[in-house]
Protein chains: 6
Amino acid sequence: MGIAVYPGSFDPITFGHLDIIERASLLFDTVIVTVFDNASKSHQFSPEERVAMVRESTAHLANVQVEAFAGLLVDFVRDRGAKVIVKGLRAVSDFDYEFKMALMNKKLAPEVETVFMMTSSRYLYIASSLVKELFMYGACVEGLVPAAVLSRLRRGHIPAECG
Amino acid sequence: MGIAVYPGSFDPITFGHLDIIERASLLFDTVIVTVFDNASKSHQFSPEERVAMVRESTAHLANVQVEAFAGLLVDFVRDRGAKVIVKGLRAVSDFDYEFKMALMNKKLAPEVETVFMMTSSRYLYIASSLVKELFMYGACVEGLVPAAVLSRLRRGHIPAECG
Amino acid sequence: MGIAVYPGSFDPITFGHLDIIERASLLFDTVIVTVFDNASKSHQFSPEERVAMVRESTAHLANVQVEAFAGLLVDFVRDRGAKVIVKGLRAVSDFDYEFKMALMNKKLAPEVETVFMMTSSRYLYIASSLVKELFMYGACVEGLVPAAVLSRLRRGHIPAECG
Amino acid sequence: MGIAVYPGSFDPITFGHLDIIERASLLFDTVIVTVFDNASKSHQFSPEERVAMVRESTAHLANVQVEAFAGLLVDFVRDRGAKVIVKGLRAVSDFDYEFKMALMNKKLAPEVETVFMMTSSRYLYIASSLVKELFMYGACVEGLVPAAVLSRLRRGHIPAECG
Amino acid sequence: MGIAVYPGSFDPITFGHLDIIERASLLFDTVIVTVFDNASKSHQFSPEERVAMVRESTAHLANVQVEAFAGLLVDFVRDRGAKVIVKGLRAVSDFDYEFKMALMNKKLAPEVETVFMMTSSRYLYIASSLVKELFMYGACVEGLVPAAVLSRLRRGHIPAECG
Amino acid sequence: MGIAVYPGSFDPITFGHLDIIERASLLFDTVIVTVFDNASKSHQFSPEERVAMVRESTAHLANVQVEAFAGLLVDFVRDRGAKVIVKGLRAVSDFDYEFKMALMNKKLAPEVETVFMMTSSRYLYIASSLVKELFMYGACVEGLVPAAVLSRLRRGHIPAECG
């Protein structure tokens, strides 16, 4: 099915994201994970850190590429010759927003399809925003985020100790 | 992306279904439209009629096949060597049901993925059940269902006159 | 704002319906309450009883008329020279269905508008289906349905005793 | 917290139900699982079978009792001296219905509280209705329903074979 | 139906808003579009610009007036002698918020009704927030916003070029 | 049922919160109302004021305690020897967020249960955020917040006059 783009903030990448990436990599020839560098949103990690964490976490997936991007998603998709945007759905509140985004992207680029995959039930509760709340209070985040995130937390000033 | 299965009752096929089939046929090598013959549900059209209407409506799509089936969806999917189930999402009430179905099918056949496509906004309101309510009162259904359905209605005892 | 049509099964009319009718009667010159006589649905009360109960319960509202109807709603609306359909919204599940119905009716009769009113919070939980469950077990339904319904229950074989 | 009532059809009991029962049994002194015998709904299993399956599946829980009941839930709750109804929530569609039921029960019995517990994420997709669809096609239901259900299926004419 | 108030930020007005205004202007004697000047929210356009854009876009509608306002909506509604607030509904997430607002406004001003109109399906995906994201990246917004918005964008430093 | 924790910002406490606290105090031996002091969120009232207002409003409830807390909820719950978190549900948008939180808290502290109570229908529309919008415009908030909040508003520079 050619090239698919999986866009997000990945601040940081979680096991929920990784699950979608792994499953998408089985469906598409190439999956480009696009780390959005949206200046108007404040992030915990820099775009470089976010790209690095996604890259390390997906190193075992030969057909997955990782890129930072600032701009309009459909421009990126067209530029890479992709015809599919992959999104994960987790809950009804996701659905509403993603529905509007998908219709808007269809209007901007009618040849591009958005396909949705359901988040695995065991990762349903992992949102980057909740993970960051756990960071803030030094809670254990093992089992929520890949090793590439954990090692960065330990290297820095965030304890995230377990057990 | 190999073979995808698009399951449904198609009682009858609408322009909403056809829109999903056409868009899926651009993404997958082969799309098998699977017309469910679920004895416990009462249908307006027989399985043979429903298959025929889908077949005629998709005749212009070289990589689309149509089959009737009675049984468990994942059995059909595996049997045909498909790894993807395609579903259309239209509204939050769809989401809830489809979410549970996707998780259940994942449990039954972990190697099969369900991918969702958003119904085009201009077909959002077309449900087979509403179309059948229009039939019942002889209302015009042009613009809602393909010609293959219209001709069958005219041939039969259902007026469905327009303008 | 001319004539508005408020359609429903009213099997039986509840205080939730009456609340919408009373508020709509303040906004529109005339409100026609349309009691649907849908043969394919099984009802607790006959169309005649349902019309009678609505009529008695709205006798104090000079600009409210009550009619039974079998057919397509937009045909009725056009026939009466109305340009508005009034619906009550209570919950998200109503929204989804009503949204599709409103879009479909817009397609069938572009000159007719559907306007929605939110059910008053004190009547949010009153659905005709729940009321009928209470009937079934002889529970008190005072405070849920108008006197015209209560008297019919008492006259009949349904106790619905209170306190 | 005294006595809690956990009502349902349990046609049949699933691991989703059992999970709620086990967790509720840690919170309340006594949990009465109430198997509704609603004549107007058609069931796969008889009330006696459903009670037996719940009883066998909860035999390890000393403070759990199982009873069949036909009637109004709040009458049962009051009769047993309970002040809490326990319900499991799984999805938004549950929420809408349960919300109305909880408000209605509050009106009928102001002294009784409904408390909701979220279904564990690993059981989110298990609905009795989906389990029955699997039965119908002889699919494996291990991991979805307790042994007491499996043994009954094997004893009967339903294969439900696995792997 | 007298005077109706259609409140919003209109930052900027979209074809979605205009569609509701046009349809409301057929139902009510007068529609007052109220541009909220909420100091605590940051806006792309000044209140003056927003009013001007709404005014130019509704110049063809004789019974539509446009005003800026800072304060409590129900105070404005009462002050103008209106008895109806018109809101557009697009999605379930709108519904939840609007439901609470409508109940609150009912409590503050029981004589004022909120009536909801469904956004036309072809404008469902147009939210001012998405339109502003498109601005930010210089994407074409023709077909999303009226000429009065487009001309302001071109006059300013925002390209919004098409084709 | 031992100790339950009812967490929130309470900025300020409303009759909606108080209703949940009163009903929870009938179910549990002790209810600890936990006023979160989340530095990253901006509040109308200081943590001390919020605690004081909750304390005054719950003075009539012998088994209710009030504490400020900054940190991870499950740490607080464990520290106090509680095994239940109580949350109020009001609408579908609450449900989605609370669902994720409950699953996450279950992962962090499997021995702690979250139980949900439905907000009484007469308080459904009272959100602290809407109350603060009313403050901002000097609207009457009697009937929405307890006397302890009203007196603080009058003492300060906020009129909140009624009638």
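For the structure itself, consult the block above.
Here the structure is a predicted model, which means the values were calculated and not measured.

Digging into unusual backbone geometry
Residues and elements named next belong to chain A. For the peptide bond that leads from Asp11 to Pro12, omega is 0°, which places it in the cis range. Its location among the elements puts Pro12 in the loop between β1 (3–8) and α1 (15–27). Phi is positive for Phe10, close to 50°, though the residue is something other than glycine. Following the sequence through the fold, Phe10 ends up in the loop between β1 and α1.

Describing the packing of helix α2 (residues 47–57) of chain B against helix α6 (residues 147–155) of chain B
Residues and elements named next belong to chain B. Two numbers describe how α2 lies on α6: the axes approach to 8 Å, and their chain directions differ by 135°. Between α2 and α6, the angle is such that the two are oblique. For the pair α2 and α6, contact is made by Glu49, Ala52, Met53, Glu56 and Ser57 and by Ala148, Val149 and Arg152, respectively. Residues of the contact of α2 with α6, tallied by class, amount to four nonpolar, one polar and three charged.

Regarding the side chain of Thr14(D)
Residue and element names in this part refer to chain D. Looking at the element boundaries, Thr14 is found in the loop between β1 (3–8) and α1 (15–27). Exposure remark for Thr14: the relative accessible area of 2% places this residue in the buried category. A distance of 3.1 Å separates the side chain of Thr14 from the backbone nitrogen of Gly16, its partner in a polar contact. Dropping the residues within four chain positions of it, Thr14 is found in contact with Ile126, Ser128, Val131, Leu144, Val145 and Pro146.

Some points on the relation of the copies chain C and chain D
For the match of chain C to chain D, the screw axis carries a shift of 0.0 Å, the RMSD comes to 0.0 Å, and the turn is 120°. Between the two chains, the operation in question is that of a three-fold axis.

Quick word on the sheet that holds strand β4 (residues 84–89) of chain B
Through backbone hydrogen bonds, the strands of a sheet pair up, either in parallel or in antiparallel fashion. Taken in spatial order, the ten strands make up an open sheet running β3(A)-β2(A)-β1(A)-β4(A)-β5(A)-β5(B)-β4(B)-β1(B)-β2(B)-β3(B), and their pairing is mixed. In the strand order of this sheet, the two ends are held by β3 (64–69) of chain A together with β3 (64–69) of chain B, each with one partner. Across the sheet, the mean angle from the axis of one strand to that of its neighbour is 30°, orientation sign disregarded. Where strand β2 (residues 30–36) of chain B and β3(B) come together, six bridges link them in parallel fashion. Across the sheet, residue Ile32(B) finds its bridge partner in β3(B), namely Gln65(B). α1(A) contacts β1, β2 (30–36), β3, β4 (84–89) and β5 (113–118) of chain A together with β4 and β5 (113–118) of chain B of the sheet and is inclined by roughly 120° relative to β5(A).

Cut-off values and rules
- Residues numbered from 1 in each chain as written.
- Chains lettered and ligands numbered in written order.
- Predicted model: local features only at pLDDT ≥ 70, side-chain atom pairs only at ≥ 80, totals over all residues.
- Heavy atoms only, no water.
- Helix = DSSP H or I, 4+ residues; strand = E, 2+ residues; numbered from the N terminus.
- Axes fitted to C-alpha atoms, helices over the stretch in contact; angles between N-to-C directions.
- Parallel < 35°, antiparallel > 145°, perpendicular 65-115°, else oblique.
- Contact = heavy atoms within 4.5 Å.
- Nonpolar A, V, L, I, M, F, W, Y, C, P; charged D, E, K, R; others polar.
- Buried < 20%, exposed > 50% of the residue type's maximum accessible area, 1.4 Å probe, protein only.
- Polar contact = N/O pair within 3.5 Å; in protein donor to acceptor, adjacent residues only side chain to side chain.
- Least-squares fit on C-alpha atoms with pLDDT ≥ 70 in both.
- Pairing = 2+ DSSP bridges.

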